[in-house]
Amino acid sequence: MKRCTVFSDYCCQIFGYRAQLNGSVFLFRSVSNMLSSGSTDMRPFPDYSPKRPTIKDAELVHGISTTIKLRRFEPLRRILKHYESKFRSDHLIWVLMNIKSDYKLVLDLFDWACLRRDPTLEARCIVVHIAAASNDLKTAHGLIRDFWAKPKLDVSLSCTHFSDRLIYTYKDWGSEPHVFDVFFQVLVELGMLNEARKLFDKLLSYGLVISVDSCNFFLSRLASSSDGIEMAIKFFNEYLEVGVHWNTSSYNIIIHSLCRLEKIKEAHQLLLLMELKGCLPDVVSYSTLISRYCHDGELQHVLKLIVEMNSKGLKPNSYTYNSIILLLCKTGKLSEAEMILREMLVLGVLPDNVVYTTLIDGFCKSRNVPAAWRLFDEMRVRKVIPDFITYTAIIHGFCQTGKMMDADKLFHKMVSEGLEPDEVTYTSLIDGYCKAGQMKEAFSLHNQMVSMGLRPNVVTYTALADGLCKRGEVDIANELLHEVCRKGLQLNVCTYNTIVNGLCKMGDIGQAEELMKQMEVAGPHPDTITYTTLMDAYCKTGQMAKAHKVLREMLDKGLQPTVVTFNVLMNGFCMSGMLEDGEKLLKWMLDKGIAPNATTYNSLMKQYCIRNNMRATTEMLKGMSASGVMPDNNTYNILIKGHCKQRNMKEAWFLHKEMAGKGFILTASSYIALINGFLKRKKFVEARELFEEMRRQGLVANREIYNIFADMNYEEGNMDSTLELCDEVIENCLGGESKYEDT
C-alpha cells in the first residue's frame, strides 16, 4: 500500500522549499560587516579582457550589429543569412558587446547562434549576466540549467569551469549578484550539493554570501535524505558564523531534522534559541515539535506547547491538531480526540482528509464502527473527499465487527468512485470473510486480487490459513502454506501462530506444542503470541497449572508478556471460578505498572454479574475509570445484562442511552435482557421501542420475544405487523437452526 505517514506528506508541504525566480527573493548581502568579525581575505572580481578582433572581424561584427539594430523587427534567420558562413563563436561575444543594452536583441541573437552551433561557455555566462541585470532571473535560471542538460558532462570539472567563467565575466557584464544565487539554486535542484557547497565557499572569498532563501533550499534538500540530515545541521551551525542570517524557515528545517533524528530535547532548545537570535517561531515551528512529542507519547509537553502557542497568538493548524488526534487515538482516548475535532471546527480550522481519516481509523480499530461511519458521513457533508485509505479503514472496521455485507457494499462504492483498492483493502476483506467462515468468498477475492496485478502477501495467506483453521481444516491450511513457501514467500511467526491457534481450537494442544518445538529448532522462534495462545488453550480447558508452566517457559526465554497474556490468565481464573486469584492478578498488574485494558476488567465484571454481585461490579467500574481505562462495547453489554438480571431497569436504560451516545451497539442478548426486563415491569412502550430498534440493527430476537410482540400486534388489530413478525419467526427461528446467537 502506498502509504506514507501523515507527517512525511505534511513536511513536504511546509519544508520543501521551492526557490522562486523573482528579484525580491534573491537578497545578497555584502560581507563588509562579516569582515569586521575576523575574515579579511576578500578578493576583487577580475577584469574582463576579451580577445581583440582583427580588422576583418571588426568589419563583420559592425555589419551584423548594424543590421540587427536597423532591421530588428525582421527574423534574424533572414537578415543574417549572408553572414552565416563566416560567423564564429568569437563574433557572438563581440556583437553582444555592441548590443548588450538591448536585452530582447541579445536573447534573439543568442537563440539564433545556438541554432547554428553550441555557444562557448563564456558567451553563455555573458547572456546569463545580461538576463540577471535585466531582472529576468527565470531566463537566467533556464540558461544555466540548459548547460547541465548536455550528455556526458564531467560534473565536477564543468562546475569549476562554469563558476570560473561566471566570476570572470561578472564585473563587466552585469555586476548583479543575484546571478550567483540562481546558479546556486540550479546546482541544488540538480542534486549537485557538493558543488553548491564549493560555490558557496568560493563566493565567500569574493565577499558575497548566498541569500538565506537559497541557503534554506540547500538545507531542505540536504535534510530530505537520511544521509544528509547531519550535514544540514553542520551547515546550519557553520554558516551562521560566516554571515548567513538564518530566518524562521531555516530554524524550522533544523528543528524538523533534529526531530527526525529523535533529538527532541535539542529541537526544543533550538526553538528557545531562535527567539534569542531574533527569529520568532511560527505555527510550523511549534507543530513540528508537537508532532514529535505526540509520536513519543509525551502528552504533557504537547499541552504546554499548545498553551505557549496561544499565549503568542499563534493558532494551531490542521497538521497540529492531527498530531494530537493521532496521539489520542493511539492511546485509546477517542472521545477526547473527537472533542479536538469539534474544537477545530469552532475555531474555524477546517479539518482535512488526514484528520478525519485518523479519527475514523481510531474508531474502527476500537471496533466502534458506527462512530467511524458518522464521521465518514460528516466528511461528505463538509465536502472533504475520502481517499482509498479512508475507505480501507472503514472496510477494515466492518470486517473486524463481522459486518461483511456493509464491507462489501462500501468496497464496491469505493471502486465505482474510481478509487483503486490496494493489498491492504483486499487483505482486510479476505480476513473478514475468513473470520465469518465464508471461505469461498475469501478465495474469490484472493483470485480477483491476483488478476488485478496485486501480490498477496504473508498477511493475506495468514488470514486464509486462519479461516481454514477455524473450520477445522488445519491440514488444508498447512498445504496452502507449503504451496506459498514453494513460490518463495517467507512465512513469519504470525503465520505459524495461526496454525498453533487452529490446533488449540481443535483441542489438539499436544500437536500445537509439537509445532512450537519445531519452531524453536528451525525458526521462526515462538513469540509472546504463540505462548499466549497455548496458555489460552489450557485456561479454557481449566488446566491453570499447565498455563502457569507455559508462562514460566515464556519468561525464561526472555519474552515479555503483554496485557493480552494477562487477560488470558484473568479469563482462565474467572472461568474456573477462581475469582480471588483474578482480583489478585489485577492488583499485581496495577502495582507493577502494567496497564490493564477494558478486557481485563470485563472478565471480572462478567463473573460478578453472574454471581449477582452488582455492588462489586459497580466498584470495579469505578476502579476502571480511575485507572483511565474507557469502557468498551463489551463492558456496556455486560453491565446492562447484569442490571437487567437484578431488575435494575433504570440503571440498565441509562447505560443503554450512554453507550448509544458513544456509538456503541447492544448485542442481541443485551436487547433481549432489556426487553424482558421492561416486559416484566409492564413497561410495554419501552420494550416495543427496544424491539423495533433491535430489528433496525438487523439483530434477531428469540422465538419467545417474537411471539410476545406478534400477540401484542394481533390484539391491537394490526394484522400487517403481525404477519410480518410471523414471517420473521418462521425465517429466523423455525427454519431449521435458529439464527439467534446469545452473544
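Scroll up to find the structure this text is about.
Calculation rules
- Residues numbered from 1 in each chain as written.
- Predicted model: local features only at pLDDT ≥ 70, side-chain atom pairs only at ≥ 80, totals over all residues.
- Heavy atoms only, no water.
- Patch = residues over 30% accessible without salt bridge, like charges linked within 9 Å, V, L, I, M, F, W, Y side chains within 5 Å.
- Areas by Shrake-Rupley, 256 points an atom, 1.4 Å probe, with all protein chains shown as cover.
- Salt bridge = Lys/Arg side-chain N within 4 Å of Asp/Glu carboxyl O.
- Helix = DSSP H or I, 4+ residues; strand = E, 2+ residues; numbered from the N terminus.
- Phe/Tyr/Trp six-rings, centres within 6.5 Å; stacked < 30°, edge-to-face > 60°.
- Buried < 20%, exposed > 50% of the residue type's maximum accessible area, 1.4 Å probe, protein only.
- Lys NZ or Arg CZ within 6 Å of the ring centre and 35° of its normal.
- Axes fitted to C-alpha atoms, helices over the stretch in contact; angles between N-to-C directions.
- Parallel < 35°, antiparallel > 145°, perpendicular 65-115°, else oblique.
- Contact = heavy atoms within 4.5 Å.
- Nonpolar A, V, L, I, M, F, W, Y, C, P; charged D, E, K, R; others polar.
- Polar contact = N/O pair within 3.5 Å; in protein donor to acceptor, adjacent residues only side chain to side chain.
- Left-handed = near helix turned anticlockwise from the far one by under 90°.

1. Section: a nonpolar patch on the surface
And step 1. On the surface, Tyr714, Met719 and Leu723 cluster together into a nonpolar patch covering about 330 Å² of accessible area.
And step 2. Here Tyr714 is to be found in helix α40 (residues 703-715).

2. Digging into the packing of aromatic side chains
And step 1. Inspection of the entire model under this criterion finds 29 aromatic pairs.
And step 2. Ring centres of Phe45 and Tyr206 lie 4.8 Å apart, and the angle between their planes is 20°; this geometry places the pair in the stacked category. Of this pair, Phe45 sits in the loop between α2 (32-35) and α3 (55-70) while Tyr206 sits in the loop between α11 (193-205) and β2 (208-209), and the two are 161 residues apart along the sequence. The exposure classification of Phe45 matches that of Tyr206, with both residues buried.
And step 3. With centroids separated by 5.8 Å and ring planes inclined at 85°, the aromatic side chains of Phe691 and Tyr706 adopt a geometry described as edge-to-face. In this pair, Phe691 is assigned in helix α39 (residues 684-696) and Tyr706 in helix α40, connecting sequence segments 15 residues apart.
And step 4. With a relative accessible area of 1%, Tyr706 lands in the buried category.
And step 5. Among the aromatic residues, those joined into a ring-pair cluster are Phe184, Phe200, Phe218, Phe235, Phe236, Tyr239, Trp246 and Tyr251.
And step 6. Above the plane of the ring of Trp173 lies Lys100, whose end atom (NZ or CZ) is 5.1 Å from the centre.
And step 7. The cationic tip of Arg380 hangs over the ring face of Trp373; the distance from NZ or CZ to the ring centre is 5.6 Å.

3. Considering the packing of helix α32 (residues 563-575) against helix α34 (residues 598-610)
And step 1. In the contact formed by α32 and α34, the axes pass within 9 Å of each other and the chain directions differ by 5°. What the angle tells us is that α32 and α34 run roughly parallel. Seen from α32, the contacting residues are Val563, Asn567, Met570, Asn571 and Cys574; seen from α34, they are Thr599, Thr600, Ser603, Leu604 and Gln607.
And step 2. Split by residue class, the contact of α32 with α34 holds four nonpolar, six polar and no charged.

4. Remarks on the pattern of salt bridges
And step 1. Per the stated rule, a full pass over the model turns up 37 salt bridges.
And step 2. Across the pair Asp102 and Arg72 runs a salt bridge, and its minimum N-O distance is 2.5 Å. Residue Asp102 is found in the loop between α5 (89-99) and α6 (103-116), and its partner Arg72 is found in the loop between α3 and α4 (76-79); the two are separated by 30 residues along the sequence.
And step 3. Since its relative accessible area comes to 29%, Arg72 is described here as partly exposed.
And step 4. A salt bridge links Arg145 to Glu189; the nearest nitrogen and oxygen atoms lie 2.7 Å apart. Of this pair, Arg145 sits in helix α8 (residues 137-147) while Glu189 sits in helix α10 (residues 178-189), and the two are 44 residues apart along the sequence.
And step 5. On the basis of relative accessible area, Arg145 is assigned to the partly exposed category, the value being 34%.

5. So, the side chain of Ser670
And step 1. Along the chain, the position of Ser670 falls in helix α38 (residues 668-680).
And step 2. Of the polar contacts made by the side chain of Ser670, one reaches the side chain of Thr667; its length is 3.1 Å.
And step 3. Sequence-distant contacts of Ser670, defined by excluding residues within four places in its chain, comprise Asn637, Ile640 and Lys641.

6. Some words on the packing of helix α18 (residues 318-330) against helix α19 (residues 334-347)
And step 1. The contact between α18 and α19 brings their axes to 8 Å, and the two run at 165°. The angle between α18 and α19 places the two elements in the roughly antiparallel class. Once α18 is placed against α19, the crossing between them reads as left-handed. Facing Ser318, Tyr321, Ile324, Ile325, Leu328 and Cys329 of α18, the residues of α19 in contact are Leu334, Glu336, Ala337, Ile340, Leu341, Glu343, Met344 and Leu347.
And step 2. Looking at side-chain class alone, the contact of α18 with α19 contains eleven nonpolar, one polar and two charged residues.

7. A look at unusual backbone geometry
And step 1. The phi torsion at Asn135 lies on the positive side, around 65°, for a residue other than glycine.
And step 2. Position of Asn135 among the secondary structure elements: in the loop between α7 (121-133) and α8.
And step 3. One non-glycine residue, Glu262, lies in positive phi territory at about 65°.
And step 4. The residue Glu262 is located in the loop between α14 (248-260) and α15 (264-276) in this model.

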